[in-house]
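Residue-level listing of the chains:
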Amino acid sequence: MSDPIRTRRDGGVLEVVIDRPKANAIDLATSRTMGLLFRDFRDDPELRVAIVTGGGEKFFCAGWDLKAAALGDAVDGDYGVGGFGGLQELRDLNKPVICAVNGICCGGGLEIALSADLILAAEHATFALPEIRSGTVADAASIKLPKRIPYHIAMDMLLTGRWLDVHEAHRWGFVNEALPADRLMERAWELARLLASGPPLVYAAIKEIVREAEGSTFQTAMNKITKRQFATVDRLYSSEDQLEGARAFAEKRTPIWKGE
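Quantities reported herein were computed from a predicted structural model and do not represent experimental measurements.

### Some details on the sheet that holds strand S9 (residues 164–165)
Here is step 1 of the chain: Taken together, four strands build an open sheet; the order of strands is S4-S6-S8-S9 and the sheet is mixed. Where the open sheet ends on each side, the last strands, each with one partner, are strand S4 (59–61) and S9.
Here is step 2 of the chain: Bridge count between strand S8 (residues 126–128) and S9: two bridges; the pairing is antiparallel. Within the sheet, the bridge partner assigned to Phe127 lies in S9 and is Leu164.

Dropping the structure here:
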């Protein structure tokens, strides 16, 4: 049996491919594997950006593996580091993650996409939260989706389980770009390499600020920034990269980011 998770590492970019035919559904063991991969990505100073996609051309990920559940995998079992799929509860993930949706993206698969910072999708991709039809709740999506797209559209998806095509998903701002299928991974790697060439300490500060500000008032978050109470901001403001950015601007040259 082939490895359900394939990886490719090129420079500062890590590509993670969910490859469990037919539907790239995720069981407990696969979720734990993904958690360890994304934990190692988070902690590896040489890696700057991750891409997550699905194997094949039909499915990105159908979410929770119901066949594995029927054989004994508990829906509230041990998903491993980072929770389901390794991303949505992974603490202190301060690096950019790109999701390249190459087909059907539903249930827990859509929740994995919601855990990314940027979502690219093939023109044949579709999106849904069909949990309502199986008598369960899309828990992470119920928290995240109404904050990402208009409330009434999110509730429509959650309450009815209806499908969105890629063009509607793009219209509501759920998807950054809709692309021909043969351009999807090319564009994902193009974007990943662009981000990998950028300032990692700034990206880390952006991600921590955005994440922490979600549950606080504007002024509270601003005070924490100006008082350097975010660890990533404190590190950035004391870094060589901060000086390098100013020097490169003054000298009209491209900065050399070291993450230090």
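There is more to say after this.
### What about the nonpolar core?
Here is step 1 of the chain: Counting residues in each nonpolar core, the largest one holds 47 residues, and the members touching the most others are Val101, Phe127 and Phe174.
Here is step 2 of the chain: Apart from the residues lying within four places of it in its own chain, the contact partners of Val101 are Phe60, Ile119, Leu120, Ala121, Ala122, Ala125, Phe127 and Leu184.

### Remarks on the packing of helix H4 (residues 139–148) against helix H5 (residues 151–160)
Here is step 1 of the chain: For the pair H4 and H5, interaxial distance at closest approach is 8 Å and the crossing angle is 155 degrees. Regarding the angle of H4 to H5, the classification is roughly antiparallel. Judged by the sense of rotation from one axis to the other, the crossing of H4 with H5 is right-handed. For the pair formed by H4 and H5, the contact residues are Ala141, Ser142, Leu145 and Pro146 on the first element and Tyr151, Ala154, Met157 and Leu158 on the second.
Here is step 2 of the chain: Of the residues assigned to the contact of H4 with H5, the class counts are seven nonpolar, one polar and no charged.

Cut-offs used in this document
- Residues numbered from 1 in each chain as written.
- Predicted model: local features only at pLDDT ≥ 70, side-chain atom pairs only at ≥ 80, totals over all residues.
- Heavy atoms only, no water.
- Pairing = 2+ DSSP bridges.
- Helix = DSSP H or I, 4+ residues; strand = E, 2+ residues; numbered from the N terminus.
- Core = buried A, V, L, I, M, F, W, Y, C linked by side-chain atoms within 4.5 Å.
- Buried < 20%, exposed > 50% of the residue type's maximum accessible area, 1.4 Å probe, protein only.
- Contact = heavy atoms within 4.5 Å.
- Axes fitted to C-alpha atoms, helices over the stretch in contact; angles between N-to-C directions.
- Parallel < 35°, antiparallel > 145°, perpendicular 65-115°, else oblique.
- Left-handed = near helix turned anticlockwise from the far one by under 90°.
- Nonpolar A, V, L, I, M, F, W, Y, C, P; charged D, E, K, R; others polar.

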